[in-house]
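# Structural overview
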Amino acid sequence: MSHHSLSRRDFIRNSATAGAAIALRPQLHSPPSHPVAIASRNGLQAVARTIEEINQGSDALDAIIAGVNLVEEDPSDLTVGYGGLPNAEGIVELDAAVMHGPTGRVGAVASLEGIKYPSKVAQLVLERTDHVLLVGEGAQEFARMHGFSTENLLTDEAREIWVQWRETLSNRDDYLPPHGPDDVNLGEAFQRNEEFWGTIHCSAIDLLGNISSVTTTSGLAFKIPGRVGDSPIPGAGLYCDNDVGAAGSTGRGEANLQSCCSFLIVERMRMGDSPQDACLYACERITQNTHLARLQNESGEPAFNVSFYALNKAGEVAGARIRGPGQMAVADQDGARLIELAYLFE
Ligand code: GLY
């Protein structure tokens, strides 16, 4: 663990003490003077669209869904929607959740196949059912009932990456990548890396000061069919409270599911933490909860990454990740831009 992170930890401890004092004061309830939207780094266009929609009078929920739809339909984003990397069998399985601050309602879908806009289906679960989470065939049937048609979401680019993964996965099966007589190095071509856990999270405050959140993903690349990550799980992949703020995540979902960090971040902000301190607190929590040697590097730190993004009711925004550096997208009256994430470890 770096000296840098130790001092940050001390800082977090101090801010926790300060937070207790701040919690005794009334929370901010007045709307911000301007709307603001945040997203993971792949959401620059999404936050710009979100702010456009909000400026035209949209509720934050409709605006963020319009924003992330741009990424869900973009074949060049290999981590979300159409063009997302498939599961181990070559099938694209999508997860998404939405949360509406003013009503506290949540809707989510998981392991959804063949539907390009899982966030829209999640919104329909929120609006048109008495449930929170629909999965697999049931989620797809529900989408069809509301007029969605199914389509093949596996693009040629994603299929070729999957084939390459499959062919270099093991030297104990019969798949072989293209090769000359001496140049096959099976099993080493693909090490798990960050790109395998992409996702988009987006949260926003609208003109009325209302807050909503969405997280949508194709999940872990080459996952075991049926695997569900943190994205569609309220409290893990996203959470918002209209009186406090919102948070969401990208990265290794299994780690976040064990610590329910989006809920944790919002609760830390309720206690008085800034968005950045709350996100760093969640990174610390995951670090404390990572006990398995196979998930740690030689210094005992998490060898994977999880990133968090948060905004509070006053319109302050920030994000943090376990391993840095990294960036996130923000849009407000000054336009859309990328800002740096805080982090625990280099
Ligand atoms: N955070 C996305 C996932 O693990 O599926």
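Summary of the structure given here. (Residues numbered from 1 in each chain as written. Predicted model: local features only at pLDDT ≥ 70, side-chain atom pairs only at ≥ 80, totals over all residues. Heavy atoms only, no water.)

### With respect to the packing of aromatic side chains
To keep things clear, this is the line we draw: Two aromatic rings from Phe, Tyr or Trp, using only the six-membered ring of Trp, form a pair when their centres are within 6.5 Å; if the ring planes differ by under 30 degrees the pair is stacked, by over 60 it is edge-to-face, and anything between is tilted. Secondary structure counts use DSSP, requiring at least four H or I residues in a row for a helix and at least two E residues in a row for a strand, with both numbered from the N terminus. Burial status follows relative accessibility: with a 1.4 Å probe on protein chains alone, a residue under 20% of its type maximum counts as buried, one over 50% as exposed, and anything between as partly exposed. A ring is considered to have a charge above it if a Lys NZ or an Arg CZ atom is located within 6 Å of its centre and within 35 degrees of its normal.
This structure, assessed with the given rule, holds two aromatic pairs. Taking the centre distance of 4.5 Å and the plane angle of 15° together, the rings of tryptophan 165 and phenylalanine 222 count as stacked. Linking tryptophan 165 in helix H6 (residues 156-167) with phenylalanine 222 in the loop between strand E6 (211-217) and strand E7 (238-241), this pair joins segments that are 57 residues apart in sequence. One exposure class covers both tryptophan 165 and phenylalanine 222, and it is buried. Arranged with centres 5.0 Å apart and planes meeting at 85°, the rings of tyrosine 239 and phenylalanine 263 form a pair that is edge-to-face. Taken together, the residues tyrosine 239 in strand E7 and phenylalanine 263 in helix H8 (residues 261-270) connect sequence positions 24 residues apart. Directly above the ring of tyrosine 117 sits lysine 120, whose terminal nitrogen or CZ lies 4.5 Å from the centroid. The aromatic ring of phenylalanine 304 is capped on one face by arginine 252, whose charged end is 5.4 Å from the ring centroid.

### With respect to the pattern of salt bridges
Put simply, the rule is: Any Lys or Arg side-chain nitrogen located within 4 Å of an Asp or Glu carboxyl oxygen qualifies as a salt bridge.
Per the counting criterion, the structure on display carries twelve salt bridges. Residues glutamate 254 and arginine 227 are paired through a salt bridge, measuring 2.8 Å at the closest nitrogen-oxygen approach. Here glutamate 254, found in helix H7 (residues 253-257), pairs with arginine 227, found in the loop between E6 and E7; they are 27 residues apart in sequence, far enough to count as distant. Taking the shortest distance from any N to any O, the salt bridge between glutamate 267 and arginine 270 comes out at 2.8 Å. With glutamate 267 and arginine 270 both in helix H8 and three residues apart, the pair spans about one turn of that helix. Glutamate 267 sits in the partly exposed class, given a relative accessible area of 22%. One connected set of salt bridges, linked through shared partners, spans Asp156, Arg159 and Glu160.

### Some thoughts on a nonpolar patch on the surface
The condition that has to hold: Residues form patches when they are more than 30% accessible in relative terms and have no salt bridge. Like charges link within 9 Å. Nonpolar side chains (Val, Leu, Ile, Met, Phe, Trp, Tyr) link within 5 Å. Accessible areas in this description were obtained via Shrake-Rupley with a 1.4 Å probe; residue shielding takes into account the shown protein chains only.
Together, Val132, Leu133 and Val135 line one region of the surface with nonpolar side chains, adding up to about 220 Å² of accessible area. Here leucine 133 is to be found in strand E4 (residues 133-135). For leucine 133, a relative accessible area of 37% gives the class partly exposed.

### Brief notes about the environment of valine 109
The cut-off we apply is this: Contact definition: two residues touch when any of their heavy atoms are within 4.5 Å.
Checked against the element boundaries, valine 109 lands in strand E3 (residues 105-113). Of the residues examined, valine 109 reaches a relative accessible area of 0% and is grouped as buried. Taking C-alpha positions, valine 109 is 6.4 Å from alanine 97, a pair spaced twelve residues apart along the chain. With residues near it in sequence (within four places) discarded, valine 109 still touches Leu94, Asp95, Ala96, Pro118, Val121, Ala122, Val125, Leu133, Leu134, Ala139 and Pro232.

### Considering the site of the ligand
Spelled out, the test is: The criterion for a residue being near a molecule or strand is simple. One of its heavy atoms has to lie within 4 Å of it. Each polar contact in these results corresponds to two N or O atoms within 3.5 Å; when the atoms are within protein, one needs to be able to donate a hydrogen and the other to accept it, and residues that are neighboring in sequence are counted only if both atoms are side-chain atoms.
Close to the ligand lie ten residues, the nearest being Thr199, Arg227, Asp230, Gly251 and Gly253. At 2.7 Å, a side-chain N or O of arginine 227 approaches an oxygen atom of the ligand. Aspartate 230 is positioned such that a nitrogen or oxygen atom in its side chain is 2.6 Å from a nitrogen atom of the ligand. If the ligand stood free it would expose 200 Å²; the protein chains cover 100% of that surface.

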